[in-house]
There are 4 protein chains.
Amino acid sequence: MARGVNKVILIGNLGQDPETRYTPNGNAVVNLNLATDESYKDRQTGQMVPKTEWHRIVMFGKIAEVAGQYLRKGSKVYIEGKLQTRKWQGQDGQDRYTTEVVVDINGQMQMLDSRGAGGGMDQGAPQGRPQPQPQQNQQPPQGNYGQQSGQQGGGYNQPAGGQGNMPEPVDDFDDDIPF
Amino acid sequence: MARGVNKVILIGNLGQDPETRYTPNGNAVVNLNLATDESYKDRQTGQMVPKTEWHRIVMFGKIAEVAGQYLRKGSKVYIEGKLQTRKWQGQDGQDRYTTEVVVDINGQMQMLDSRGAGGGMDQGAPQGRPQPQPQQNQQPPQGNYGQQSGQQGGGYNQPAGGQGNMPEPVDDFDDDIPF
Amino acid sequence: MARGVNKVILIGNLGQDPETRYTPNGNAVVNLNLATDESYKDRQTGQMVPKTEWHRIVMFGKIAEVAGQYLRKGSKVYIEGKLQTRKWQGQDGQDRYTTEVVVDINGQMQMLDSRGAGGGMDQGAPQGRPQPQPQQNQQPPQGNYGQQSGQQGGGYNQPAGGQGNMPEPVDDFDDDIPF
Amino acid sequence: MARGVNKVILIGNLGQDPETRYTPNGNAVVNLNLATDESYKDRQTGQMVPKTEWHRIVMFGKIAEVAGQYLRKGSKVYIEGKLQTRKWQGQDGQDRYTTEVVVDINGQMQMLDSRGAGGGMDQGAPQGRPQPQPQQNQQPPQGNYGQQSGQQGGGYNQPAGGQGNMPEPVDDFDDDIPF
DNA sequence: TTTT
DNA sequence: TTTT
């Protein structure tokens, strides 16, 4: 339960394809960059000038799977989540803070493109999940979710077992899109 | 007008008294730190553990004046605004980003304490504005709003006319704040 | 899952004590009347005139239990739910429609009174549930939730066990309600 | 100012073309029927069954003009407004109540179709505004907005001048779409 | 740093 | 980096 309200509602477009990762237990975690546009009247010139705000989104669970599967660069989407600020260490050892919109079981996601939305038949080449970049220990804004105590492995992994001979962890609902 | 939706809704309590500043044209700008609480069940222990999220709020215009006048440390408040991320320079010359909830003419604010709420009988003693701590020029997370082009003066000023030779607009949070 | 968004967010005060009922399986259902206030400037007189809007709320599940237990006439509360319009038959046989804000597992409720909120020390005496007014069979706006097919009994019952010779649980607001 | 919060957020599709009317002073008022879809799992059958909720929307001002001009049956739209319940008289003399989502200057509207949104080039034949139905005094759910005191005329009129050979009511912004 |  |  919450003793407060922390809610974010966004409608915007993805700046790139979603990045999907997996927690050690095989749960999907998806990162999105979402642009919301606003234009305002410049007080000097009287002209309307466009302004884009970029939001960092992190999704968990089933919603993450759907997002990873159906959203693409340019997709328009409705997102409901909560604000969360994470602390991380810069390479200079200093603390940095990153604020994200977290979409978990309490959040919501709606695809707003006519295509895909409920159809998604055009995904033919099913997106192959942005191939596992070799981890080169860059100092990252990537959240380290799903780490239980006593777990030493780094951040996200490929699904349970990772890239070995995995029979295939996720992606159950290939056919019927659950929304 | 907006070509997208960017909305944040929060209910929480102030961590400190609001900080009021003024733009060169005498418009109030208020900064708040707002805590929203949530508890979740720890998967290990099965216990409910409380979790506090801190939000940085920036208010403008009339809403800022009301907030500056009636809100205090501990006040419970409803806030509706939008997400905005500002870029600033760390002392090391590197870019930093701070995400804030901006409450402007399109936002909303509701005081949720029985006291004050609509009464504000305590405004007599006009809140004395947390006195300007001597500032030690660290490069700060304080937004530089209300700066028109061709304006060289620093950020916020005291209200219209201000008190004399104010060498110093504000600046606070002396050491490290998480944003 | 939803193929759309249907969300209502209210902060207001209860017009009366909540009315608690129970589905045949013992699940709590609570009805609230919630007032939200707004004032606007009269275009004729230039005066601010207050305007109260009344909302009919229906809560289910755990949230309903909490509401029934801790909320009282006058309580200030935050509610998040969805809009739903029910059709019912007037005594004249004509269709009537009542729009309610439904707060279920996907909704949220926050008590905003300092007292009670998280304390609820008054729950000992369990509030005696506004005693069952003898019902005079007018066909009413009371929703008939929780009715599974093949179930003939009337609407809500007393909680699991309860019933005995219960003359009639529901029906309330005898005369005029604004919906 | 408001002493409460009353907010509705919907994403759905129009059931018909918008109906545009005008207040005596020529301000646009638009009525929409908006469907939001949700499916839920039937507890008996375990199947997902779709459920459509219909919402009655009333828009005022510039937003109404845009809606009347660009929205059509089937359009997908984001709407932010407030709940309002109106009382009206049935033909039997009895009170009826209708709850609407009011979108005024404080509300928001976003067209979510790729087409139209910002383009709307398909409106060529500018939709001729559902021609003024002969007023046959049907008992109506139509709101009677914009009635100042001392005004006896019925409900909405065509813009200044009314239904005669109206040269054209409104629609100023033919070229640049203000969003 | 708040609140319960 | 998106979208119109």
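- Chain A is annotated in an unreviewed UniProt entry as Single-stranded DNA-binding protein from Marinobacter segnicrescens.
- UniProt, in the comment section headed Function (unreviewed entry), describes chain A in these words: "Plays an important role in DNA replication, recombination and repair. Binds to ssDNA and to an array of partner proteins to recruit them to their sites of action during DNA metabolism."
- Here chain A is described in UniProt, under the heading Subunit (unreviewed entry), as follows: "Homotetramer."

### Focus: the overall build of chain A
Part 1: For chain A, the count of helices and strands is one helix and eight strands.
Part 2: The linear arrangement of helices and strands in chain A, starting from the amino end, is β-β-β-β-β-α-β-β-β.
Part 3: The contacts of chain A with a sequence gap of at least 6 include a subset with a gap of at least 24, amounting to 65%.

### A word on the interface of chain A and chain B
Part 1: On the side of chain B, 38 residues touch chain A, which itself brings 35 residues to the contact.
Part 2: Of the roughly 3000 Å² buried between chain A and chain B on both sides combined, carbon and sulfur atoms contribute 40%.
Part 3: Considering only the side of chain A, the residues that lose the most area to chain B are V5, L83 and Y97 of chain A, jointly responsible for 17% of the buried surface there.
Part 4: Taken together, the links from chain A to chain B amount to three salt bridges.
Part 5: Salt-bridge contacts for K82 of chain B lead to E38 of chain A; the nearest nitrogen and oxygen are separated by 3.0 Å.

### Considerations on the interface of chain A and chain D
Part 1: Between chain A and chain D, the residue contacts involve six residues of the former and six residues of the latter.
Part 2: Summed over both sides, the interface of chain A with chain D buries roughly 500 Å², with 77% coming from carbon and sulfur.
Part 3: Three residues stand out in chain A for area buried against chain D, namely I9, I11 and L112 of chain A, and they jointly supply 66% of the buried area on that side.
Part 4: At the junction of chain A with chain D, the criterion picks out zero residue pairs in polar contact (both at pLDDT 80 or more).
Part 5: Elements represented by at least two residues in the side of chain A that touches chain D include exactly strand 2 (5-14) and strand 6 (76-89) of chain A.
Part 6: For the side of chain A that touches chain D, a count of residues per class yields four nonpolar, one polar and one charged.

### Considering the relation of the copies chain A and chain D
Part 1: At an RMSD of 0.0 Å, chain A and chain D line up after a rotation of 180° and a shift of 0.0 Å along the axis. Here the symmetry operator amounts to a two-fold rotation axis. Proximity to the rotation axis, assessed at the C-alpha, singles out L112 of chain A in chain A; its C-alpha lies 3.4 Å from the axis.
Part 2: With an isologous cut-off of 70% or more, the 100% of interface residues of chain A that recur at the interface of chain D puts this contact in the isologous class.

### A few points about the environment of L14 of chain A
All names here are of chain A.
Part 1: As for its position among the elements, L14 is in strand 2.
Part 2: Residue classification places L14 among the buried residues on the basis of a relative accessible area of 4%.
Part 3: Spatially, the C-alpha atom of L14 lies 6.7 Å from that of L32, the residues being 18 residues apart in sequence.

### Observations concerning the relation of the copies chain A and chain B
Part 1: Superposing chain A onto chain B requires a rotation of 180° together with a translation of 0.0 Å along the rotation axis, leaving an RMSD of 0.1 Å.
Part 2: The fraction of interface residues of chain A whose copies in chain B are also interface residues reaches 100%, indicating that both copies meet through the same surface.

### Looking at the pattern of salt bridges
Part 1: Applying the stated criterion across every chain, the model contains 42 salt bridges over all chains.
Part 2: What emerges from the salt-bridge pattern is a single network uniting K7 and E80 of chain A together with K7 and E80 of chain C.

### Quick notes on helix 1 (residues 61-70) of chain C
Part 1: I63, A64, A67, G68 and Y70 of chain C are the residues of helix 1 of chain C that are buried.
Part 2: Contact partners of the buried residues in helix 1 of chain C: strand 3 (19-22), strand 4 (28-41), strand 5 (48-60), strand 7 (95-103) and strand 8 (108-111) of chain C.

### What about the pairing of strand 7 (residues 95-103) of chain B?
Residue and element names in this part refer to chain B.
Part 1: With seven of nine residues buried, strand 7 lies mostly within the body of the structure.
Part 2: Direction of pairing for strand 5 (residues 48-60) relative to strand 7: parallel, over a ladder of three bridges. For I57, the partnering residue across the bridge sits in strand 7 and is V101.
Part 3: In this sheet, strand 7 lies alongside strand 6 (residues 76-89) in antiparallel orientation, the contact comprising eight bridges. Of the residues in strand 7, the one forming a bridge with Q89 is D95.
Part 4: Count of turn residues in the strand 6/strand 7 antiparallel hairpin: five residues, of which G93 carries a positive phi of about 85°.

### Side note on the side chain of D113 of chain D
Residues and elements named next belong to chain D.
Part 1: With respect to the helices and strands, the residue D113 is situated in the segment after strand 8 (108-111).
Part 2: Within the structure, the side chain of D113 is placed 2.9 Å from the backbone nitrogen of K76, a separation counted as a polar contact.
Part 3: Leave out the neighbours within four places in its chain, and D113 touches S75 and K76.

### Structural notes on the confidence of the model for chain A
Residue and element names in this part refer to chain A.
Part 1: When pLDDT is averaged across chain A, the result is 73; 63% of the residues are at 70 or more.
Part 2: Here strand 1 (residues 2-3) stands out as the least confident element of chain A, with mean pLDDT 78; strand 2 is the most confident, with 98.
Part 3: In the predicted structure, residues 116-141 sits below a pLDDT of 50 and forms 31 contacts with residues beyond four places in sequence or in another chain.

### Re the environment of T36 of chain D
Part 1: Assignment of secondary structure puts T36 of chain D in strand 4 (residues 28-41).
Part 2: Among all residues touching T36 of chain D, those that are not within four sequence positions of it are V5 and N6 of chain C together with L10, I11, G12, K51, T52, E53 and H55 of chain D.
Part 3: Looking at T36 of chain D, its side chain comes within polar contact range of the side chain of H55 of chain D, at 2.8 Å.

### Some remarks on the pairing of strand 6 (residues 76-89) of chain D
Residues and elements named next belong to chain D.
Part 1: Counting buried residues in strand 6 gives 11 out of 14 residues, a clear majority hidden from the surface.
Part 2: Relative to strand 6, strand 2 (residues 5-14) runs antiparallel, the two sharing six bridges. Its bridge partner being in strand 6, N13 is matched across the sheet by K76.
Part 3: Sheet topology note: the strand 6/strand 8 ladder contains four bridges and is antiparallel. By the bridge assignment for strand 8, E80 is matched with Q108.

Definitions and cut-offs
- Residues numbered from 1 in each chain as written.
- Chains lettered and ligands numbered in written order.
- Predicted model: local features only at pLDDT ≥ 70, side-chain atom pairs only at ≥ 80, totals over all residues.
- Heavy atoms only, no water.
- UniProt positions renumbered as here; feature names shortened; annotations may be inferred.
- Helix = DSSP H or I, 4+ residues; strand = E, 2+ residues; numbered from the N terminus.
- Contact = heavy atoms within 4.5 Å.
- Buried area = accessible area lost by both parts, 1.4 Å probe.
- Salt bridge = Lys/Arg side-chain N within 4 Å of Asp/Glu carboxyl O.
- Polar contact = N/O pair within 3.5 Å; in protein donor to acceptor, adjacent residues only side chain to side chain.
- Nonpolar A, V, L, I, M, F, W, Y, C, P; charged D, E, K, R; others polar.
- Least-squares fit on C-alpha atoms with pLDDT ≥ 70 in both.
- Buried < 20%, exposed > 50% of the residue type's maximum accessible area, 1.4 Å probe, protein only.
- Pairing = 2+ DSSP bridges.
- pLDDT = per-residue confidence, 0-100.

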